[in-house]
Amino acid sequence: TEQDFYDLISMSLQAILEVIEERYPQLAEEYYADADLSDRSMYFTATGVLTVEAVTSLLESLNDSLESGTTFEEWKEDFRSGKEVVNIPASRLETIYRNHRQTAYTKANCVQDKISEDDRSYGLYDAIDDDRTRRAHKKADGVIKPLDDPWWVRNMIPNGHNCRCDRIVLTAEEVEALGGVTK
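About the criteria used
Residues numbered from 1 in each chain as written. Predicted model: local features only at pLDDT ≥ 70, side-chain atom pairs only at ≥ 80, totals over all residues. Heavy atoms only, no water. Pairing = 2+ DSSP bridges. Helix = DSSP H or I, 4+ residues; strand = E, 2+ residues; numbered from the N terminus. Phe/Tyr/Trp six-rings, centres within 6.5 Å; stacked < 30°, edge-to-face > 60°. Buried < 20%, exposed > 50% of the residue type's maximum accessible area, 1.4 Å probe, protein only. Lys NZ or Arg CZ within 6 Å of the ring centre and 35° of its normal. Salt bridge = Lys/Arg side-chain N within 4 Å of Asp/Glu carboxyl O.

## Here's the deal with the pairing of strand 3 (residues 122–126)
Inspection of the sheet shows strand 3 paired to strand 4 (residues 144–146) by three bridges, in the antiparallel sense. Counted as the bridge partner of L124 is I144 from strand 4. In terms of strand pairing, strand 3 meets strand 5 (residues 166–170) through five bridges, oriented antiparallel. Bridge pairing in strand 5 places D126 opposite D166.

## Things to note about the packing of aromatic side chains
Counted according to the given criterion, the structure contains seven aromatic pairs. Relative to W75, the ring of F72 has its centre 6.1 Å away and its plane inclined at 40 degrees; by these criteria the two rings are tilted. With a gap of three residues between them, F72 and W75 both fall in helix 4 (residues 72–80), about one helical turn apart. In this structure F72 comes out as buried when scored by relative accessible area, which is 13%. Residue class for W75 comes out buried when judged on its relative accessible area of 1%. One aromatic cluster is present, built from ring pairs that chain together F72, W75, F79 and Y97. The positively charged end of R167 is found above the aromatic ring belonging to W152, 5.2 Å away from the centroid.

## A word on unusual backbone geometry
Phi is positive for D129, which is not a glycine, with a value near 65 degrees. Take D129: it is sitting in the loop between strand 3 and helix 6 (135–140). On the accessibility criterion, D129 (44% relative accessible area) is partly exposed.

## Some thoughts on the pattern of salt bridges
Under the definition given, this model contains three salt bridges. Between K76 and E73 there is a salt bridge, with the nearest N and O atoms lying 3.4 Å from each other. On the criterion of helical spacing, the pair formed by K76 and E73 is a turn pair, its members being three residues apart in helix 4. We note a salt bridge from D130 to R164, for which the minimum N-O separation is 2.7 Å. Here D130 is found in the loop between strand 3 and helix 6, whereas its partner R164 is found in the loop between helix 7 (151–154) and strand 5, with 34 residues between them in sequence. On the basis of relative accessible area, D130 is assigned to the partly exposed category, the value being 26%.

Put into structure tokens, the structure is as follows:
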């Protein structure tokens, strides 16, 4: 029904907002020195931002933008006029903005996946397959694995800066129709 649709959208938005509040600012050198990839999703960083205060300001600004629904241009203007002056080129700001949004959406989708895990417990890696798609992403395109498979820790979407890939959640019947789990 129409109400079910609006309830789902509301639930997804709430999951996104909860997810973004769980991330902690961290300097890039500490973030990239951490060998445990599973912990990285708890942190937010931006290369070239030199103080924890500036990373915190950037993260708070992005979270506010996501919650209020501002566009990139609106966020950029607001951020540039903020209390922390961080000299980041517009192209890098766009990458940071997109990565933050995509990470929030993906983490919220993972929350939703766990809720519906009873009947949808597999993921299909879906790359865009154009001339901008990275070689590793093309190689992963079409891979089907259980959602709890360690492969997803190394290949979670977004799988790098400006990643446009997606993970499609499947039922066991859909997996069988597509040829089964990838070995």
